[in-house]
Structure formats: C-alpha cells, structure tokens
Amino acid sequence: MVLEEEKGLSIHGQSALQRKVSSVITTMSSWFDSFLLNASIVLLCSMVIVLALGVFYRYVLNSPLSWTNELGTYMFVWLVFLGTTATIRRNEMPSVSFVIQRLPRSIKKGVNSLSQWIGLIMGILLVGQGILACLDMWAQRSPALQIPMGIPLLIMPLAGLGIAIHYVHFLINNFQSGVLRNTSTYLSLLIAVLLSATIKYLPQATVNVELLVILIVGFLIGLPIAVVLMTTAAAVMQITGTSLVILPERLFSGTENIVLIAIPLFMLTGALMQNAGIARRLVDFSSALVGRFRGGLAYVDIVTSAFFADLSGSPVADTAAVGSIMIPEMVKKGYNNRFAAALQAAAGSMGMLIPPSIATIIYAWVANVSVANMFLASLLPAVLMMATFGIVAAVYTTKHNYPRERKYSLPEAFQSFYRAFGGLLTPIIIFGGILTGIVTPTEAGVVAVLYTVLVSFIGYRSLTITSLYSSLREAILNTSRVMFILANAMLISWVLTIQQIPQQLAALMLDVSHNRLVLIILLMIILVLIHEVLETSSTLILIVPLIIPVFQQLGVNPIYLGILFLINSSLGIISPPVGFLLYIAGTISRSTLEEVTMQIWPFWLAIIIDLALLIIFPGIVSILPHLLGVS
C-alpha cells in the first residue's frame, strides 16, 4: 500500500507545494506585521519630536515653524494605517460578534470565512485604488513641505497590502485546520466573488435601501466595524458610478487633521502612567481621601478612576489600569467580585466625559466646536456622574456592611499626596493649557507626553526601556483601533451626505415634532439602541453630522448636545453586547458577562438619572463656561 506521504501529501491532504505556499504566506504576514508595527513606533517617537520642536520654536524662540504641523500630520496618518495592519493581524478590530457567536458551528465557519474573503477584497481594492490615487495626486504639492501629495498617499496601497496579506494568512490557517474543506466556506467564497462582480448592477434608485442592507448584513456577519463601513462605501460608490479612487483619498483626508493628533498623544500619556505604576500612587492618595468611610474601597475606586481618566482620556485604559489594582483589592477585602467588576466598569465609563476625553475631542472635531469649551462644559456633568455612582456604591456597601479602610494621619495623607503629585499635575498641565488658550489640544498632548516621560524616568524612576516600548506599542494599537473606524466613518458620512440622507433625516425628525425636548428624548432613546451594536467612535462620526443640523434649527447648543451624547455613550460602553468595559472588568474579576451585567443595572439607572437631570436642567452644562466668561 502506498502511503499518503509518498504521494507528497500531508495528513490533511496538502501537497508539498501547498505547505510551502502556506509557510511563505505565514512568514510574510509575521514579518510584515513586525516590521510595520516597529515602523509605527519609530513614527510615533518621531512625531512627538517634530511636534515638540514646533512647540519649542513657537513658545520659546517666538519663531513658529511652518512645516512641523504638516509633517506631524502626515506621520500621524502613516502610524494610524500601519498600526491598523497590526491590529487586524491580532484580530483586535472592534466588531459586532454577538449574532455570529450564536450560530451553529458549521455555519459560523462559513460566515467567518465570508468575512475574511471580504476583508481580503477590501485590502486588494485599497492597494489598486491607492496606487491610482497616488498617481492622481502626484502633481499636487503639499502647502508647507512642497512635496508631491502622492508621497503621503503611498500609505494607502502599503496599508492595503498589509491588510490583504493578513487576511490571506487567516484563510491559509483555515485551510491548514481543515476549515476550508467545509462546503459552507466554499459557498462563502462564491458569494463574495458574486457580490463583488454584480454589486454595480444594483438599481441606483433604491441605493439608500441597499446601503442600509449592506451595513446591517456586514455587522451581522461579524466583519470589523471599520471594514463594514469601507465595504458599504465602496458598494454605494459602485452602484452610483462614483470613481473608487476617491475612497483612499477620503480615508487619507479623514485622518489628516492636526486636532486628531491629540488622540495618540493622550493615549500614550495614559499608557506611560499605567506602565510607570502611577495608578498605584493614585489609589493610595484616593484611599487617604475617602477610604475611611463605610465601603471605602468603592469610593476609592470611583475617585481613582476619575483621576486616571484625567491622565489617559480613555475609558478602556482607565478600567484596565485601575481595575487591575482595585478589583483584586476589593475581592480580598470581602467585596462581591461581580459587584467589584460592575463598579469598576461604571467608574471607567466616566472617562468618556472627563477631560481630556478622546471621545470629547472626536465630537468637538465632528461638530466643529471648541475642544476647550467642551472640556469645560463636561466638568460639572462629570461630577454629577461621580456623585450618583457614589450614591449607588453607598447603598450597596451599607447594605452588605463592607469594611472601612484605615484612617490616614495628616502626615500620611500628605505623604500620599506627595507621592501622587507628579501624576496629579498632568491633567492640570493638559486642561489648564487648553482652557487658557496657551496651547492647542495637540500641543498640550506633546507637553503631557514629555512631562510624563521626564517624571517617570527621573522623578519616580519607575519607567524602563521595556515599559516605554510597551507604552508606545499600546498607544499605537489603541489609536489605530479608534482611528481606522473614524476614517471609514468619515468616508461613509461623506457617502451619506452625497445621498442627501442628513436632509431626509432632518425632515423626518421634524415631521415627528418641532419640540426640542421631545426630539432630545427621542435622540437619547435612539442612541441607547445604536450603542447596543456600535461603539462610541463609530456612533459619533455616523450620527453627529446627521443630527447637528436638525438641533441647530431648533436652537439647541451643540456643546450641550455633545455632553448628552457623551453621557449616553457612557451608558453604551457598559451595556452588552458591545460594552467593552464589561469584558475588561469581567476578565480581571473572573466573572462572566452575564454575571457582571446582573450587577451593573443600578449604574445604568444612575446614568439615566444624570441624563434626565441635564435634560430638565440644561443650565448645569453652562454654569462653568458662564462663570469663566466663555460663550
């Protein structure tokens, strides 16, 4: 009898050639991932240096450089899309997975493969159209550097190549594991090819319906949210006969904004603070402030989360950093682990509102309002959230008779303040500089990064080269997750505008009522439903451009509307199935999503009460701006 190996086949029926191709693709994907991620880290460091140089020349030498912002912006776009390839390789792009997880295994394999084929097609599309976009823009020169615009746009075909290679790698892995022998998987390839070939023949008269169907189907099959948005935009452009060269150009312009550079800078600041152990110092200081009360650790968790949100601007970073310390500490002191996880998730959600919130920066950019005014208007609502969360914690901890923490003596309290002072000074630098108009949000981010590195290396001596590298890597991956969605959301927003959907939505909402209170309540209900399937960045970019014109007609201040939007987003980020903070806190506490959800509902009620109070008493938002004479 002739053995399979003698026929040149593996036990899975693979020929030597197939094994060789598989090995080459896997090696290429791994090498490409490592190279582009390290290139992103170099770009982030270089961007900080370039922007710091601009700050130095502007404020110290009083001789602003014209090219630093432009070069910094191009570096930012490159690190976003290079980081995107690394995020896709790690399968860390946000997606709506709760439907696909409930499918039978055989069908799930086919649907997963369909998602991967579509991702591969989008990567190839970005390569081809990206090259054409580079050629199309080569004759144009950048304003300050005077380089051909085709050079910055080279990132589009490069990123597309990375995306395509990684999706081929996923499909090769499926083949090696035998998944591709499943009939439904071959069917998924056939569906992907047929859709790509026939999409342009769909009737243009019903394009809005087709757009909605593609969006819904993309979400349901578990495609990464950003890829769903790109696929939908590409499909609509095909149906309407719009040149696909616009797609990479729009993706580029969607991230080419100096204000958005603040996002990786604040994320890097938070990552540096976390890896330098500053979260532990904030916990000790918070314990000195509020730990002596009944259930003191619950209050310590809320206060520490507020402090750390002031440093990172990210609810996810806040929950991960503070939760890794506070949840085990609370469990050790006898707290229910599920309540500890729910409390931490709720406390972390305050990072959606507390300056320098990344979501606030995105909203300000989309709504075309001042970042400083948004930060200022968000302070009292953030205090309101802290207070209502504190009430929930007080009721629960009193009912269960949780212990008090020891009372700190005055010298001990002062010592804890001194140990945390370096970290506490960071938000003062950020917020003070932006509010006074001395620096822009991006410049404040540069100063915050440099200050944090200085304090962590020299002051605390707690930051090593290894932890610095980890911080840079973490900041890039987190930034890419947000920004790739944002870029594609801007692309689909442009498509919606071309289709005049904002005007149609405005007419529809005004047909329902002209009463702004009714429409605000209706909007809050709609946002709660949207947040069940979409995370905050996507919702901001997709919904804000649609609703702002409606509410401006009714005289609603966009800053006030933004605060309501962000608090509603706080509710979304702790609500299943998309509530990321529930997963993070649950993982730390070793609780399931269902167990944490059963404990989180009092905090939902607290947020709803906060929203109701702000709707009934809108003047709460404007108290601080009016006191400081800000219009």
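Conventions and cut-offs
- Residues numbered from 1 in each chain as written.
- Predicted model: local features only at pLDDT ≥ 70, side-chain atom pairs only at ≥ 80, totals over all residues.
- Heavy atoms only, no water.
- Helix = DSSP H or I, 4+ residues; strand = E, 2+ residues; numbered from the N terminus.
- Buried < 20%, exposed > 50% of the residue type's maximum accessible area, 1.4 Å probe, protein only.
- Contact = heavy atoms within 4.5 Å.
- Areas by Shrake-Rupley, 256 points an atom, 1.4 Å probe, with all protein chains shown as cover.
- Lys, Arg positive; Asp, Glu negative; His and termini not counted.
- Charge placed at Lys NZ, Arg CZ, Asp CG, Glu CD.
- Axes fitted to C-alpha atoms, helices over the stretch in contact; angles between N-to-C directions.
- Parallel < 35°, antiparallel > 145°, perpendicular 65-115°, else oblique.
- Left-handed = near helix turned anticlockwise from the far one by under 90°.
- Nonpolar A, V, L, I, M, F, W, Y, C, P; charged D, E, K, R; others polar.
- Salt bridge = Lys/Arg side-chain N within 4 Å of Asp/Glu carboxyl O.
- Phe/Tyr/Trp six-rings, centres within 6.5 Å; stacked < 30°, edge-to-face > 60°.
- Lys NZ or Arg CZ within 6 Å of the ring centre and 35° of its normal.

## Regarding the overall build of the protein
Then step 1. The helix and strand tally for the protein stands at 25 helices and 0 strands.
Then step 2. Principal-axis analysis of the C-alpha atoms places the extent of the protein at approximately 80 × 65 × 55 Å.
Then step 3. For the protein, the residues scored as buried account for 56% of the 631 residues in total.
Then step 4. Of the contacts made within the protein by residues no fewer than 6 positions apart, 80% connect residues no fewer than 24 positions apart.
Then step 5. Surface accessibility of the protein: about 26000 Å² in total, with carbon and sulfur atoms responsible for 67%.
Then step 6. One finds the centroid of the 31 positive side-chain charges in the protein at a distance of 7 Å from the centroid of its 25 negative side-chain charges.

## Examining the packing of helix α15 (residues 371-399) against helix α25 (residues 619-627)
Then step 1. Contact geometry for α15 and α25: axes closest at 8 Å, N-to-C directions at 125 degrees. The orientation of α15 with respect to α25, classified from their angle, is oblique. Crossing geometry of α15 relative to α25 is assigned as right-handed. When α15 is examined against α25, the residues L376, A377, L379, L380 and P381 are found in contact with a partner set consisting of I620, V621, I623, L624 and P625.
Then step 2. Here the contact of α15 with α25 is built from residues that sort into 10 nonpolar, no polar and no charged.

## Description of the pattern of salt bridges
Then step 1. The final tally for this structure, using the stated rule, is 6 salt bridges.
Then step 2. A salt bridge links E443 to R58, with the shortest nitrogen-to-oxygen separation between them at 2.7 Å. On the criterion of sequence distance, the pair formed by E443 in helix α17 (residues 441-459) and R58 in helix α1 (residues 16-59) is long-range, its members being 385 residues apart.
Then step 3. Owing to a relative accessible area of 11%, E443 belongs among the buried residues under this scheme.
Then step 4. With a closest N to O distance of 4.0 Å, K333 and E329 form a salt bridge.
Then step 5. Given the relative accessible area of 21%, E329 is considered partly exposed.
Then step 6. Shared partners join several salt bridges into a network, and the residues in it are R280, D284 and R419.

## Digging into the packing of aromatic side chains
Then step 1. Taken as a whole, this structure holds 16 aromatic pairs when the rule is applied.
Then step 2. Plain terms: the ring middles of Y363 and F565 are 6.3 Å apart, the flat faces sit at 45 degrees to each other, and that makes the pair tilted. Residue Y363 is found in helix α14 (residues 358-367), and its partner F565 is found in helix α22 (residues 558-572); the two are separated by 202 residues along the sequence. Here Y363 and F565 have matching classes, each one buried.
Then step 3. Ring pairing ties together the aromatic residues Y335, F339, F389, Y396, Y402 and F603, which thus form one cluster.
Then step 4. In this structure, R281 is placed above the aromatic ring of Y460, and the distance from its NZ or CZ to the ring centre is 3.8 Å.

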